[in-house]
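This is what each chain is made of:
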Amino acid sequence: DSGDGVTIEDGTYNNALDVVDSTHGRGSSSGYVYIRARNWGNVTLTVAPNFPHSVDHYKQFAGLRFDPGTNSKSAAGRYLRFFYCGFGHGFLGGTGTGLDNCMNWGIGTNDVTPGAQHHLYEWCYVYGPGGRYAFQIYNSDSIVVRGLIARHELGWSDTKGDPQATVTNYNSTNISWQNVIVLDPKSMTNATAGIYNPSNSRASSNVKFLDCMAVFKDATSAPLQGIAWDDSATCPGQVVSNFLALGTAQPG
């Protein structure tokens, strides 16, 4: 019910009944349902969550690690909050199955527009071997990401030259990236940027990157950039303020 919640004890939860979804226990605008770790960082969920689109979830999570291995993790629908949560692994590329075109955490979906709306991610982190992107906002509206730390490790096995990136803002509106830190990517081919803004002929608008940084040991995956845009579509209302790029081929 609205305002109720669950506190989870330390451990790794891998049973099908442990899936986090919105079949039961939705909150309301007057009270989010909470799901939190007793000791933040010591609870790992290895079953892929299920946050369907066109649903008002009204759920908030604190101190959990979403780490279902080879499955992409994603969140669609409206009204979700994540505090001090980790998003791990994703799919390690190289099998040729196509599953490596995925991400550690994705926000949004192509099934409806917007695919996700009114999400907040505060002081979260992305880690471990991933797929094409580590953390992506796609076809979404009104998303705030504050204090994210992300590292993209190993990437995927694409041979066509398609881009890869750590943090991706894709075809979305009214997005605020604040205090995002992108750390040195490891062994990525065709890497484009730490923070990447593809438009695919439908540009994002009103997107802000405030006090963010990309810190790389070196630019071995040249032309790896701190922040970059592509395609011919214009990007109205975009703001980059106080962006720091260290060890990159060029800022953007």
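These figures come from a predicted structure and were not determined experimentally.

What counts, and at which threshold
Residues numbered from 1 in each chain as written. Predicted model: local features only at pLDDT ≥ 70, side-chain atom pairs only at ≥ 80, totals over all residues. Heavy atoms only, no water. Helix = DSSP H or I, 4+ residues; strand = E, 2+ residues; numbered from the N terminus. Contact = heavy atoms within 4.5 Å. Areas by Shrake-Rupley, 256 points an atom, 1.4 Å probe, with all protein chains shown as cover. Core = buried A, V, L, I, M, F, W, Y, C linked by side-chain atoms within 4.5 Å. Buried < 20%, exposed > 50% of the residue type's maximum accessible area, 1.4 Å probe, protein only. Pairing = 2+ DSSP bridges. Axes fitted to C-alpha atoms, helices over the stretch in contact; angles between N-to-C directions. Salt bridge = Lys/Arg side-chain N within 4 Å of Asp/Glu carboxyl O. Patch = residues over 30% accessible without salt bridge, like charges linked within 9 Å, V, L, I, M, F, W, Y side chains within 5 Å. Phe/Tyr/Trp six-rings, centres within 6.5 Å; stacked < 30°, edge-to-face > 60°. Lys NZ or Arg CZ within 6 Å of the ring centre and 35° of its normal. pLDDT = per-residue confidence, 0-100.

Moving on, we get to the overall build of the protein. Regarding its fold elements, the protein presents zero helices and 24 strands. Considering only contacts in the protein between residues 6 or more positions apart, those separated by 24 or more positions represent 75%. Put simply, the protein shows about 10700 Å² of open surface, and 49% of that area lies on carbon and sulfur atoms.

A few words now on the nonpolar core. The biggest cluster of nonpolar side chains holds 41 residues, and the ones touching the most others in it are Phe82, Tyr121 and Trp177. Here this core takes three residues from strand β13 (residues 133-138), the largest share from any one element. Counting residues in each nonpolar core, the second largest holds six residues, with Met103, Tyr133, Tyr196 and Ala228 among its members.

Moving on, we come to the sheet that holds strand β5 (residues 56-62). The nine strands lie next to each other as β1-β3-β5-β8-β11-β14-β17-β20-β23, forming an open sheet whose pairing is parallel. This sheet does not close on itself; its edge strands, each paired only once, are β1 (5-8) and β23 (239-241). Across the sheet, the axes of successive neighbouring strands diverge by a mean angle of 5°, strand direction being ignored. Both strand β8 (residues 77-83) and strand β11 (residues 116-122) contribute to a ladder of six bridges, which runs parallel. Residue pairing for β11: Arg78 is matched across the bridge by Gln117.

So, on to the pairing of strand β16 (residues 164-170). Across the seven residues of β16, seven count as buried, placing the element largely inside the fold. As judged from the five bridges shared by β13 and β16, these two strands associate in the parallel manner. Looking across to β16, one finds that Tyr138 is bridged to Tyr170.

Turning our eyes to something else, we now look at the pattern of salt bridges. Tallying each qualifying case throughout the model produces three salt bridges. For the salt bridge of Asp56 with Arg78, the shortest nitrogen-to-oxygen distance reads 2.4 Å. Of the two residues, Asp56 sits in strand β5 while Arg78 sits in strand β8, which places them 22 residues apart along the sequence. Looking at Asp56, the relative accessible area reads 32%, which means it is partly exposed. Put simply, Glu122 and Arg146 hold a salt bridge, and the shortest N to O gap is 2.4 Å. Linking Glu122 in strand β11 with Arg146 in strand β14 (residues 140-146), this pair joins segments that are 24 residues apart in sequence. When its relative accessible area of 18% is taken as the criterion, Glu122 is described as buried. The partly exposed category is assigned to Arg146, whose relative accessible area is 26%.

This paragraph deals with a nonpolar patch on the surface. Where nonpolar side chains cluster on the molecular surface, the patch consists of Trp40, Tyr84 and Trp123 and spans about 360 Å² of accessible area. With respect to the helices, strands and loops of the structure, Trp40 is situated in the loop between β3 (33-37) and β4 (43-45). With a relative accessible area of 47%, Trp40 lands in the partly exposed category.

The next thing to look at is the packing of aromatic side chains. In the structure shown here, the tally under the stated rule is 21 aromatic pairs. A centroid spacing of 5.4 Å and a plane angle of 85° characterise the contact between Tyr32 and Tyr58, whose relative ring orientation is edge-to-face. Of the two residues, Tyr32 is situated in the loop between β2 (11-13) and β3 and Tyr58 in strand β5; the sequence distance between them amounts to 26 residues. The exposure classification of Tyr32 matches that of Tyr58, with both residues buried. By relative accessible area, which is 11% here, Tyr58 ends up buried. Members of the aromatic cluster, each reached through a chain of ring pairs, are Phe51, Phe61, Phe66, Phe82, Phe87, Trp105, Tyr121, Phe135, Trp177 and Phe209. Lying over the aromatic face of Tyr32, Arg81 brings its terminal NZ or CZ to 3.6 Å of the ring centre.

With 80% of its residues at a pLDDT of 70 or more, the protein has an overall mean of 83. The model gives residues 91-99 a pLDDT under 50, and that stretch makes 17 contacts with residues more than four places away or in other chains.

So, on to the environment of Ser140. Mapped onto the secondary structure, Ser140 falls in strand β14. It is 9.5 Å that separates the C-alpha atoms of Ser140 and His119, two residues lying 21 residues apart in sequence. Residues within four places of Ser140 in sequence aside, it is in contact with Ile107, Gly108, Pro114, Gly115, Ala116, Asn171, Ser172, Thr173 and Ile175.

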